[in-house]
Amino acid sequence: MESAAAAAMRKASSQASLADPDDFDLTRLLNHKPRINVERQRSFDDRSLSELSLSGAGAGGRGGWGGCGYGAGVESYESMYSPGGGLRSYCGTPASSTRLSFEPHPLVGEAWDALRRSLVSFRGQPLGTIAAVDHSAGEVLNYDQVFVRDFVPSALAFLMNGEPEVVRNFLVKTLLLQGWEKRIDRFKLGEGAMPASFKVLKDPKRGVDKLVADFGESAIGRVAPVDSGFWWIIILRAYTKSTGDMTLAEAPMCQKGIRLIMNQCLAEGFDTFPTLLCADGCCMIDRRMGVYGYPIEIQALFFMALRCALLMLKPDAEGKEIMERIVTRLAALSYHVRSYFWLDFQQLNDIYRFKTEEYSHTAVNKFNVNPESIPDWLFDFMPTRGGYFVGNVSPARMDFRWFALGNCVAILASLATPDQAAAIMDLIEERWEDLVGEMPVKICYPAIEGHEWQTVTGCDPKNTRWSYHNGGSWPVLLWLLTAACIKTGRLKIARRAIELAEARLARDGWPEYYDGKVGRYVGKQARKFQTWSIAGYLVAKMMLEDPSHLGMISLEEDKAMKPVLRRSASWTV
């Protein structure tokens, strides 16, 4: 007869029906999960900001893994050891499925085969995954390169499956590329800049492999990456959490790499905002879509990278000063984003009644936003239950669009308070057709069109309405949604989204993105066998089957950053 633990885990699998009345008992599942006999090293993640800033604690911190996450009554996933290290896949199925005796969906094996076909090697060592393996595409463009941003879900998939070698190789090689001189049209980039992508060139006659990096000088639109360094730090922390091996992060070259990235993004400038000022096309929205200024996509990543860096930097002579700067920025950044980027029904009503041209520190409308700038769609879109971080906030301008990556990362990094995280999940449930539709997940909502599309995108033919970055649906975002669901204890949302994806992804050839208001059509210029679509699905599946994997990519709330915020209606419903 099947044991209670096995029954609970079977209920957690991808085969679970949407008709389940309640999400399964995660606490019970975790309590019955087999423990891995690994000697745990000191955790980076047990030090609060106040301890890190002034105490001069050692690089390893204390040895415990305790804490509490967002899910009520659920042991913190991010504080747990992720049991990927040291385990291998069997017959192409994830190690987590084999270990916990799940019945993997038939799509899982196919996805692993496709992911392994995307692997690229350098001098006999696996180094990363190329963006797409689409043999039907007439023009390769740069889809045969390893992108730092694109490699994130691949890295997580290999780590969760007990294959850290490729991730370690990737981290080391990209760190070496950071040291190259970087020029775009005779302009020299800062020392801390990480490449957007790199390519392995093979000379079969000489038997020599060569790396060629792109820092934006070859990119469409010549956009230099801003988010690559942030993603690199996040991958390094995920590698450390998964393997329990801190030697790489503590190595002098990695410490220097982290410091260079931090020096670049924390540089003093004539800018009074604690948020990071960025050019258009600097993140996953890598074409002109009006996300310049202070986009939530970058601010959430910035926040997460700052926290990961703080946990991994050594408080030595070179690191302590940067750590203190990080602590100062984190406190200001968290308050700024939580206070001014947050929007729910009550806040929208307040903005609707704003007065303009207010002066002095008593001003309520601090950014001089004119209520007439509120778009008509927002009044119908905003439910009484739920909320989200808007796309952008700057003087006299609020971008009220929803961006999926920024809001999900805000939850994972604990930039969103527990109440805000719950409200974001409420919004997704309330506006499922708009934000998820028939193919998870819509990158932004709504699409811009007509004259606005002409002026904002420069008539970009790839960013027509409900396509590509302009309201298209991206399967890679499935892993971020799933991680956010696990952290907030909303697994029904994740299961429903994964089942939607499973119904079409393989049949459609693992496309890069989908078009249409509900994501019904394969993108008009979408590549097939897009690697991060494949890896994103695998990561979502493995996290749902073994929620402790969330610890690689999630950070607990730090009480030192918790501001006193005015509570709005959606937080208490």
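Residues numbered from 1 in each chain as written. Predicted model: local features only at pLDDT ≥ 70, side-chain atom pairs only at ≥ 80, totals over all residues. Heavy atoms only, no water.

The name given to the protein in an unreviewed UniProt entry is Alkaline/neutral invertase, with the source organism recorded as Panicum miliaceum. What UniProt states about the protein under its Function (unreviewed entry) heading is, verbatim, "Invertase that cleaves sucrose into glucose and fructose." The annotation that UniProt attaches to the protein under Sequence similarities (unreviewed entry) is "Belongs to the glycosyl hydrolase 100 family." (UniProt positions renumbered as here; feature names shortened; annotations may be inferred.)

Here we come to the pattern of salt bridges. Evaluated as defined, the whole model comprises 20 salt bridges. Between Glu318 and Arg259 there is a salt bridge, and its shortest N-O distance comes to 3.3 Å. Placement of Glu318 in the loop between α11 (296-312) and α12 (319-341) and of Arg259 in helix α10 (residues 252-265) is noted, with a sequence separation of 59 residues between them. Classification of Glu318 as exposed rests on a relative accessible area of 51%. On the basis of relative accessible area, Arg259 is assigned to the buried category, the value being 11%. (Salt bridge = Lys/Arg side-chain N within 4 Å of Asp/Glu carboxyl O. Helix = DSSP H or I, 4+ residues; strand = E, 2+ residues; numbered from the N terminus. Buried < 20%, exposed > 50% of the residue type's maximum accessible area, 1.4 Å probe, protein only.)

Next up on the list: the sheet that holds strand β6 (residues 197-203). Spatial ordering of the open sheet is given by β3-β6-β7, a layout of three strands whose pairing is antiparallel. Strand pairing shows two members of the sheet lacking a second neighbour, β3 (146-147) and β7 (208-214), which therefore form its edges. Alignment of β3 against β6, held across two bridges, turns out to be antiparallel. Pairing of Phe147 across the sheet is with Ser197, part of β6. (Pairing = 2+ DSSP bridges.)

We now examine helix α20 (residues 491-502). Here α20 is 12 residues long and its end C-alpha atoms lie 16 Å apart, about the 16 Å a rise of 1.5 Å per residue gives. Among all positions of α20, only Leu491, Ile493, Ala494, Arg495, Ala497, Ile498, Ala501 and Glu502 are buried. (Expected span 1.5 Å × (residues − 1).)

Here we come to the environment of Ala131. Tracing the backbone through its elements, the reader meets Ala131 in the loop between β2 (125-129) and β3. Non-local contacts of Ala131, meaning those with residues more than four positions away in its chain, are made with Tyr143, Gln145, Phe147, Asp150, Phe529, Gln530, Thr531 and Trp532. (Contact = heavy atoms within 4.5 Å.)

This next bit is on α11. For α11, built from 17 residues, the straight-helix expectation of 24 Å at 1.5 Å per residue is met to within 8% by its first-to-last C-alpha distance of 24 Å. Along α11, 17 of the 17 residues are buried, which leaves the element largely enclosed by surrounding structure.

Okay, the packing of aromatic side chains next. Counted according to the given criterion, the structure contains 21 aromatic pairs. For the pair Tyr468 and Trp474, a centre-to-centre distance of 5.5 Å together with 45° between the ring planes defines the contact as tilted. Summarising the burial analysis for this pair, Tyr468 and Trp474 share the class buried. Members of the aromatic cluster, joined through ring pairs, are Trp377, Phe381, Tyr388, Trp402, Tyr445 and Trp466. Taking the ring centre of Trp432 as reference, the NZ or CZ of Arg496 above it sits at 4.1 Å. In this arrangement the basic side chain of Arg527 is found over the ring face of Tyr143, its NZ or CZ atom lying 4.5 Å from the centre. (Phe/Tyr/Trp six-rings, centres within 6.5 Å; stacked < 30°, edge-to-face > 60°. Lys NZ or Arg CZ within 6 Å of the ring centre and 35° of its normal.)

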